[in-house]
Amino acid sequence: MVSKAVHKHARVSPKKARVVLDLIRGKSVEEASSILLSARRRVSPLLSKLLKSAVANASEKGYNDIDSLYIKEVYATQGPTLKRFRARAMGRAFARKTRMSHITIVLEQRGF
């Protein structure tokens with residue numbers, strides 16, 4: 001049995017989120033939370049909050065031993081893109097694309 005949490009429309013690009021996601025993939029929940037606290041990236045607080053949500057979902061499902069949970073899967077997929085325009089010289093416009101991502105964390109208990 002697995003427990004998961006999803007954060008949709010995160011205002012960070014999937015490429016930047018995957019850098020931190022690769023650090024915590026396969027780790028225990030306790031180890032992953034300490035890695036997220038020490039990682040100096042903008043996405044780290046979002047992932048920490050998402051990890052706490054996944055642990056809360058696991059306890060609601062009936063997992064008794066929270067310490068034996070580990071991160072089975074974690075991934076970021078492309079979300080919608082905000083398209084904005086910035087004024088440039090001589091009446092031109094420059095398109096800016098602000099990318100969003102959908103981040104998913106799947107937890108499972110070790111030994112099963």
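Here goes a summary of the coordinates provided. Treat the numbers as computed from the prediction; the structure is a model and nothing was measured.

1. A few points about the nonpolar core
The tendency in soluble globular proteins is for nonpolar side chains to be buried side by side. Core analysis: the largest hydrophobic core is formed by 26 residues, its most contacted members being Leu51, Ile71, Ile103, Ile105 and Leu107. Those elements that provide at least two residues to this core are β1 (2-10), α1 (14-24), α2 (29-38), α3 (44-61), β2 (69-87) and β3 (93-109). Per-element accounting of this core gives the leading share, six residues, to α3. If near-sequence neighbours (up to four positions away) are discounted, Leu107 is found in contact with Val2, Ser3, Val29, Leu51, Ala54, Val55, Leu69, Tyr70, Ile71 and Lys72.

2. Topic: the pairing of β3
Note: β1 against β3, seven bridges, orientation antiparallel. For Lys4, the partnering residue across the bridge sits in β3 and is Val106. Looking at chain direction, β2 and β3 are connected through 16 bridges and run antiparallel. Residue Ile71 lies in a different strand from β3, and its bridge partner there is Leu107. Joining the antiparallel neighbours β2 and β3 is a turn of five residues, in which Met90 adopts a positive phi near 60°.

3. Some remarks on the packing of α1 against α2
Running from N to C, α1 and α2 cross one another at 140°; their axes reach a closest spacing of 9 Å. In the crossing of α1 with α2, the sense of the turn from one axis to the other is right-handed. The segment α1 lies against α2, with Val20, Leu23 and Ile24 engaging Ala32, Ile35 and Leu36. Residues that form the contact of α1 with α2 fall into these classes: six nonpolar, no polar and no charged.

4. Thoughts on unusual backbone geometry
Look at His9: it is not a glycine, yet its phi comes out positive at around 60°. Unusually for a residue other than glycine, Met90 sits at a positive phi of about 60°. Mapping Met90 onto the fold places it in the loop between β2 and β3. Taking relative accessible area as the criterion, Met90 reaches 71% and is therefore assigned exposed.

5. Description of a negative patch on the surface
Side chains of Glu30, Glu31, Asp65 and Asp67 sit close together on the surface and give a patch of like negative charge. With a relative accessible area of 38%, Glu31 lands in the partly exposed category.

6. A look at the side chain of Ser3
By the element assignment, Ser3 lies in strand β1. Within the structure, the side chain of Ser3 is placed 3.1 Å from the backbone oxygen of Ala54, a separation counted as a polar contact. Aside from chain neighbours lying at most four places away, what touches Ser3 is Ala54, Asn57, Ala58, Lys61, Tyr63, Ile105, Val106 and Leu107.

7. Some remarks on a positive patch on the surface
A contiguous patch of positive charge on the surface is contributed by Arg11, Lys16, Arg41, Arg42, Arg84, Arg86, Arg88 and Arg96. Relative to the assigned elements, Arg41 resides in the loop between α2 and α3.

8. Observations regarding the pattern of salt bridges
All told, the structure shown has two salt bridges when counted by the stated rule. With a closest N to O distance of 3.9 Å, Lys72 and Glu108 form a salt bridge. Residue Lys72 is found in strand β2, and its partner Glu108 is found in strand β3; the two are separated by 36 residues along the sequence. According to the relative accessible area criterion, Glu108 is buried, its value standing at 14%.

Procedures and definitions
Think of each chain on its own: its residues are numbered from 1, step by step along the sequence as written. Thresholds applied to this predicted model are a pLDDT of at least 70 for local features of residues and 80 or more for the giving and counting of side-chain atom pairs; totals over whole chains, interfaces and linings are not thresholded and use all residues. Excluded from the side-chain calculations are hydrogens and water; all other atoms, namely the structure's heavy atoms, are used. Put simply, a nonpolar core is a bunch of buried Ala, Val, Leu, Ile, Met, Phe, Trp, Tyr and Cys residues held in one set by side-chain atoms that sit within 4.5 Å of each other. Three labels apply to residues, based on accessible area from a 1.4 Å probe with only protein chains included: buried if under 20% of the type maximum, exposed if over 50%, partly exposed otherwise in between. The way it works is that DSSP assigns letters per residue, a run of H or I at least four long becomes a helix, a run of E at least two long becomes a strand, and they are numbered from the N terminus. When checking whether two residues touch, look at their non-hydrogen atoms; a contact exists if any pair is within 4.5 Å. DSSP bridges decide pairing: two strands pair if at least two such bridges lie between them. Here an angle of 0 to 180 degrees is reported between the N-to-C directions of two axes, which are lines fitted to C-alpha atoms, with helices fitted over the stretch in contact. By definition, any crossing whose near helix is turned counterclockwise from its far helix by less than a right angle is left-handed, and any crossing with a clockwise turn is right-handed. In this count, Pro and Cys sit with the nonpolar residues alongside Ala, Val, Leu, Ile, Met, Phe, Trp and Tyr, while Asp, Glu, Lys and Arg are called charged and the others, Gly among them, polar. Residues with no salt bridge and a relative accessible area higher than 30% make up the patches, which join like charges within 9 Å and nonpolar side chains (Val, Leu, Ile, Met, Phe, Trp, Tyr) within 5 Å. Each accessible area is a Shrake-Rupley result for a 1.4 Å probe, and residues are judged covered by the shown protein chains and nothing else. The working definition used for a salt bridge is a side-chain nitrogen of Lys or Arg within 4 Å of a carboxyl oxygen of Asp or Glu. The positive count covers Lys and Arg only, the negative count covers Asp and Glu only, and His and the chain ends enter neither. In this description, the location of a charge corresponds to atom NZ of lysine, CZ of arginine, CG of aspartate or CD of glutamate. Polar contact is defined as a pair of N or O atoms within 3.5 Å, subject to the rule that within protein one atom must be able to donate a hydrogen and the other to accept it, and that residues adjacent in sequence are counted only when both atoms are side-chain atoms.

The quantities given are spatial measurements derived from coordinates; they are silent on function.
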